[in-house]
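Chain by chain, the residues:
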Amino acid sequence: MLYLSGCVRPEFRHPNLGFILSPNQGHKPPPDRWWAADNGAFSTATPFTWDRFERWLLPRLEAAGDRCLFVVTPDVPFDANGTLARWREYRTSMTQFNRPVAFVSQDGMGIEDVPWSDFETLFIGGSTAWKTGHESGALVTEARRRGKWVHFGRVNSLRRLRTAASMGGDSADGTFLKYGPDKNWPQLLHWLDSLETQPSLLLPHP
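The rules we used
Residues numbered from 1 in each chain as written. Predicted model: local features only at pLDDT ≥ 70, side-chain atom pairs only at ≥ 80, totals over all residues. Heavy atoms only, no water. Buried < 20%, exposed > 50% of the residue type's maximum accessible area, 1.4 Å probe, protein only. Helix = DSSP H or I, 4+ residues; strand = E, 2+ residues; numbered from the N terminus. Pairing = 2+ DSSP bridges. Core = buried A, V, L, I, M, F, W, Y, C linked by side-chain atoms within 4.5 Å. Contact = heavy atoms within 4.5 Å. Axes fitted to C-alpha atoms, helices over the stretch in contact; angles between N-to-C directions.

A. Structural context of the pairing of strand S2 (residues 17-21). Buried residues dominate S2, accounting for 5 of its 5 residues. Bridge count between strand S1 (residues 2-5) and S2: 3 bridges; the pairing is parallel. Residue pairing in the sheet places tyrosine 3 in a bridge with leucine 17 of S2. Here S2 runs beside strand S3 (residues 35-37); their pairing, made up of 3 bridges, is parallel. Each residue of the ladder has a partner; that of isoleucine 20, found in S3, is alanine 36.

B. Broad picture of the nonpolar core. Ranked by size, the top nonpolar core spans 52 residues in total, and within it Trp35, Phe53, Leu57 and Leu188 carry the most contacts. For this core, the element with the most residues is helix H1 (residues 50-64), which contributes 6 residues. Those residues in contact with leucine 188 that lie beyond four places of it in its chain are Tyr3, Leu17, Phe176 and Leu177. In terms of nonpolar packing, the next biggest core, distinct from the first, is built from 12 residues, Leu4, Ile20, Val72 and Val104 among them.

C. Geometry of the sheet that holds strand S7 (residues 149-152). One closed barrel accounts for 8 strands, arranged S1-S2-S3-S4-S5-S6-S7-S8; its pairing is parallel. The average angle at which neighbouring strand axes cross in this sheet is 30°, direction not considered. Against the sheet, H1 engages S2, S3 and strand S4 (68-72), with an angle of about 155° to S3. Strand contacts of helix H2 (residues 80-94): S4 and strand S5 (101-105), with the helix running at about 180° to S5, the strand carrying the most contacts.

D. Layout of the side chain of threonine 73. Its location among the elements puts threonine 73 in the loop between S4 and H2. On the basis of relative accessible area, threonine 73 is assigned to the buried category, the value being 2%. The residues contacting threonine 73, other than those within four sequence positions of it, are Asn39, Trp87, Met94, Val101, Ala102 and Val104.

E. View of the pairing of S5. With 5 of its 5 residues buried, S5 lies for the most part within the structure. Alternating residues of S5 divide into Val101, Phe103 and Ser105 and Ala102 and Val104, and every residue in both groups is buried. Two strands pair when backbone bridges link them, and S5 and strand S6 (residues 121-124) are joined in this way by 4 bridges, in the parallel orientation. Counted as the bridge partner of serine 105 is isoleucine 124 from S6.

In structure tokens:
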């Protein structure tokens, strides 16, 4: 299982470590590392706009697009109906990036709500209770049955990382390294090493 960190430092290296970037960061994707492109919608500091997202993403895909795991479609955190409306608004525009598209699940979504045929990655968003509950579990099971990559958002403890792995996640992201990277890096290494005994899945190939 991959852990995607929002804190990008060249000295942070592990076979199971990648990075997740968003328009609210100044980072560029390391050319030899797995990374994912988030849309920044979870941030309340800077409201999402498509133009800003597109301007930020296109040069990064040009520089290191062959290592991009997925691009996250604009969503509305904790709002299933708002997320589905944004999906309908932007789904066609997402195809220009020519990378796997991630659809974000939110609290209350059922299997019948998810546009399964139109994306490659299921991103488990929403509240913590939702992400680790039976409803999300059913979505993960269906995603696995359909051969989708499964990603869990906002995972910031070993317990939650193990939960995501046990539910069938291929990757997870979190801000654990962002707040105290020097102190927390040895602890994250322990987390990643502890997961190496679990079966790993093949990375999506460009």
